[in-house]
Amino acid sequence: MRMLTFTQFLSALTRKKVTFDHDNSKLARVLTTLDLTALGIGSTLGVGVYVLAGEVAKTYAGPSVVISFFIAALASVFAGLCYAEFGARVPKAGSAYVYSYVTIGEFVAFIIGWNLILEYIIGSASVVKGLFTYLDALVYHKISDFLQENLPMNAPALAPFPDLFSLGVVLLFSLALALGARESSFVNNIFTMVNLSVVVFAIVSGLWKADISNWSIPESEVPEGYGTGGFAPYGFAGIIKGAATCFYGFIGFDCIATAGEEAKTPQKSIPIAIIVSLSVIFLAYFGMSTVLTMMLPYYLQDTNAPLPHVYDVVGWPVAKYIVTAGAICGLFSSLLGAMFPLPRVIYSMASDGLMFEIIGRVHPRFQTPVLGTLIAGCFTGVLACIFELSQLFTMMSIGTLSAYSIVAACVIILRYTEEEPSDEKFKYEEEVNVRTVAAQLFNYKLEKPNKVSTFIVTCASASYCVCCFGPTSMLTLFEKDLLNGEPWVVSICAISTTLLIMLLIIISFQPQSSKSLTFAVPFVPWLPGISIFINLYLMTTLDTATWIRFVVWIAVGLLIYFTYGIWNSKELSVQQRQSGLTGSTTVSNENSKTILRTASGV
């Protein structure tokens, strides 16, 4: 291993994925559009559909929780459309990791892949921990009491006892996933159908006890501390806060894109599965929140188990047990959906040489990365075994939101990517300097993207992402001052928002690629820009401890990348490997054009 010069170092960080063969995959293409849709619904529509509506209604929004879910669904659709376009462009295992590798470069791709590993590990551990908590409550905490009495853990920052149940469930599911995508997908489809059937049962049965007057309760009848009554007892601010919480109920659909390399027709299946699954999930949340808030006043909702509580109040014990069975199936389906993408991301990174090759090897019989699946399952099971649910949950969202933001930025960059020049004059006009950049900023007459327009879009997109932290931080830190109309807060937000709009206007003036796509995000760059803003806003609402743990996780990833990945990347040429990286690491112009044609085409 030899030292790199600064130029070689930068070139290594920004090298893009060139070796891309859609048909050369070691994974079995066995998943249909229905399988992908069920995977997306199952991983997203977990226990949240049975809990989230009651919690948001009582704490933040009241009956207007239905609007909160609509806003959250709209934000999720924006992110989902970006994933759908990239899933159609790049139908490979790895999701946002692969997308950023094709468009931005290797270093950012590794960071996103490392974040996705964190998301899926913590998400899986959180779901199985929630399953244990739910089942333990059904048996009046006999399991936890037994473990606490016989296997206590008197250690700081750990759970009171080892959760052997969660460890066993995770290992069992890991083994099932290692045996093949077809078999695990079949089990997931069953769980998802049961879950959806129970959701439909809860909505239909609840209509019999629905009373629309619960949406217009006068303030005089509302207990102190629960707002002003009516449809929106906590005002517009409550609706927005509720939407931020509801957004996390839609996290998980990105596992559809992660399974793209195992889909039979990924270019068609991935966009359809994402859009259909998000639509079904929104209808489920919307229907459940409507029924709950009409059956019982919002201030009487139970934040932990609203549906069983409502059925207890109305005297329907049988319905309570049916819903309990659905919640258990929903948790199993959510666990399978959370665990399914993890070994695929590890496989994709290992195949590219950015992680240890042995964990990405595909078993010749099962056609799955067996070792990577089992290692990921063991790590997830240990975390669920020794940590509390609250300690796991706080880390789940930050990796997801950062991945959503990168994918949206990639959509913008790829849509305005430089195409292959057709003549010498066009090549001359592509030179990037101050004069050509200034002339092209608001020039809408250029018909095809060139180096100048691509450079402008890349810089403007990066600037937009950085500048978004200004107004989003102000919204988080000075929300009350903003709502009260404090001049200095309003002025800063207005200036920063104007800057963001100007950056999107500059991007919109640049020519787009003329490549035809099976699915394309509408209203680029505005729709991806809104998605980035929402995602970064939600990231700024996370607590300081979450950011610290996130930084530590990133530091571990950087250690792996700079000691192993940067030297073993498959994107290094044969000459670079033979010379020990002493020669130029710049990708040739021809290879660069190959990347762009591959990513822009279908």
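Note that this is a predicted model, so its numbers are computed, not measured. (Residues numbered from 1 in each chain as written. Predicted model: local features only at pLDDT ≥ 70, side-chain atom pairs only at ≥ 80, totals over all residues. Heavy atoms only, no water.)

What follows concerns a nonpolar patch on the surface. A contiguous nonpolar patch, built from Ile67, Phe70, Ile71 and Leu74 and spanning about 310 Å² of accessible area, is present on the exposed surface. Topologically, Leu74 is positioned in helix 4 (residues 65-89). (Patch = residues over 30% accessible without salt bridge, like charges linked within 9 Å, V, L, I, M, F, W, Y side chains within 5 Å. Areas by Shrake-Rupley, 256 points an atom, 1.4 Å probe, with all protein chains shown as cover. Salt bridge = Lys/Arg side-chain N within 4 Å of Asp/Glu carboxyl O. Helix = DSSP H or I, 4+ residues; strand = E, 2+ residues; numbered from the N terminus.)

This part is about the environment of Leu517. Positionally, Leu517 belongs in the loop between helix 23 (487-508) and helix 24 (526-540). Here Leu517 falls in the partly exposed class, since its relative accessible area comes to 22%. (Buried < 20%, exposed > 50% of the residue type's maximum accessible area, 1.4 Å probe, protein only.)

Bringing the nonpolar core into the picture now. Core analysis: the biggest nonpolar cluster contains 150 residues, and Tyr83, Phe110, Ile117, Phe247 and Phe250 have the highest contact counts within it. For this core, the leading source of residues is helix 6 (residues 106-138), giving 15 residues. Counting the residues that make up this core, at least three belong to each of domain 1 (32-412) and domain 2 (432-513 + 520-574). Those residues in contact with Phe250 that lie beyond four places of it in its chain are Thr44, Phe69, Ala72, Ala73, Ser76, Leu278, Ile281, Phe282 and Tyr285. (Core = buried A, V, L, I, M, F, W, Y, C linked by side-chain atoms within 4.5 Å. Domains from an automatic or database assignment. Contact = heavy atoms within 4.5 Å.)

The next point concerns the packing of aromatic side chains. One pass over the full model with this rule turns up 25 aromatic pairs. For the pair Phe69 and Tyr285, a centre-to-centre distance of 4.8 Å together with 15° between the ring planes defines the contact as stacked. Here Phe69 is found in helix 4, whereas its partner Tyr285 is found in helix 12 (residues 266-295), with 216 residues between them in sequence. Note on accessibility: Phe69 and Tyr285 belong to one class, buried. Taking the centre distance of 5.1 Å and the plane angle of 40° together, the rings of Phe110 and Tyr561 count as tilted. Taken together, the residues Phe110 in helix 6 and Tyr561 in helix 25 (residues 544-568) connect sequence positions 451 residues apart. Take Phe110: its relative accessible area is 0%, and that puts it in the buried class. Ring pairing ties together the aromatic residues Phe107, Phe110, Trp114, Trp553, Tyr561 and Phe562, which thus form one cluster. (Phe/Tyr/Trp six-rings, centres within 6.5 Å; stacked < 30°, edge-to-face > 60°.)

A few words on the pattern of salt bridges. For the structure shown, the criterion picks out 5 salt bridges. As a salt-bridge pair, Glu85 and Arg415 come within 2.6 Å of each other at their nearest N and O atoms. One end of the pair, Glu85, is in helix 4; the other, Arg415, is in helix 18 (residues 396-415), with 330 residues separating them in the sequence. There is no split in this pair, since Glu85 and Arg415 are both buried. Taking the shortest distance from any N to any O, the salt bridge between Lys129 and Asp163 comes out at 3.4 Å.

So, about the packing of helix 14 (residues 317-339) against helix 15 (residues 341-351). Two elements in contact, helix 14 and helix 15, have axes whose closest approach is 4 Å; the angle formed by their N-to-C orientations is 0°. With respect to helix 15, the element helix 14 is oriented roughly parallel. Contacts between helix 14 and helix 15 involve Gly337, Ala338 and Met339 from the former and Pro341, Leu342 and Pro343 from the latter. Residues that form the contact of helix 14 with helix 15 fall into these classes: 5 nonpolar, 1 polar and no charged. (Axes fitted to C-alpha atoms, helices over the stretch in contact; angles between N-to-C directions. Parallel < 35°, antiparallel > 145°, perpendicular 65-115°, else oblique. Nonpolar A, V, L, I, M, F, W, Y, C, P; charged D, E, K, R; others polar.)

Okay, the confidence of the model for the chain next. Low pLDDT marks regions whose predicted coordinates should not be analysed in detail. Chain-level pLDDT for the chain is 80 on average; 84% of the residues reach the 70-or-more range. Confidence, expressed as mean pLDDT per element, reaches its minimum in the chain at helix 27 (residues 589-600) with 39 and its maximum at helix 23 with 93. When the criterion is pLDDT under 50, residues 422-428 qualifies, and its contacts beyond four places in sequence or with other chains add up to 6 contacts. For residues 577-602, every residue scores under 50 in pLDDT, and the model assigns this stretch 57 contacts once sequence neighbours within four places are set aside. (pLDDT = per-residue confidence, 0-100.)

Quick look at helix 14 now. Under the 1.5 Å per step criterion, the end-to-end length of helix 14 is 33 Å for 23 residues, consistent within 8% with the ideal 33 Å. Most of helix 14 sits inside the fold, with 17 of its 23 residues counted as buried. (Expected span 1.5 Å × (residues − 1).)

What follows concerns the side chain of Thr540. Within the secondary structure layout, Thr540 lies in helix 24. Note on Thr540: relative accessible area 16%, which makes it buried. Here Thr476 takes part through its side chain, which lies 2.9 Å from a polar atom of the side chain of Thr540. Discounting chain neighbours no more than four positions away, the residues touching Thr540 are Phe469, Thr472, Ser473 and Thr476. (Polar contact = N/O pair within 3.5 Å; in protein donor to acceptor, adjacent residues only side chain to side chain.)

This part is about helix 13 (residues 306-314). All of the buried residues in helix 13 are Pro306, Leu307, Pro308, Val310 and Tyr311. Looking at the residues trailing helix 13, positive phi occurs at Gly315, about 80°.

Inspection of the secondary structure assignment puts Pro306 in helix 13. Owing to a relative accessible area of 0%, Pro306 belongs among the buried residues under this scheme. Pro306 sits 10 residues away from Leu296 along the chain, and the two C-alpha atoms are 9.8 Å apart.

Turning our eyes to something else, we now look at the state of the cysteines. Taken as a whole and judged by the stated rule, the model has 0 disulfides. Its sulfur unpaired, Cys82 is 9.7 Å from the next cysteine sulfur, which belongs to Cys410. Relative accessible area serves as the criterion here: at 1%, Cys82 is assigned to the buried category. (Disulfide = S-S within 2.5 Å.)

Turning our eyes to something else, we now look at unusual backbone geometry. At the junction of Val524 and Pro525, the peptide bond is cis and its omega measures out at 10° in the coordinates. Its identity as a non-glycine residue notwithstanding, Phe523 has a phi of 55°, on the positive side. In this fold, Phe523 is placed in the loop between helix 23 and helix 24. Since its relative accessible area comes to 64%, Phe523 is described here as exposed.

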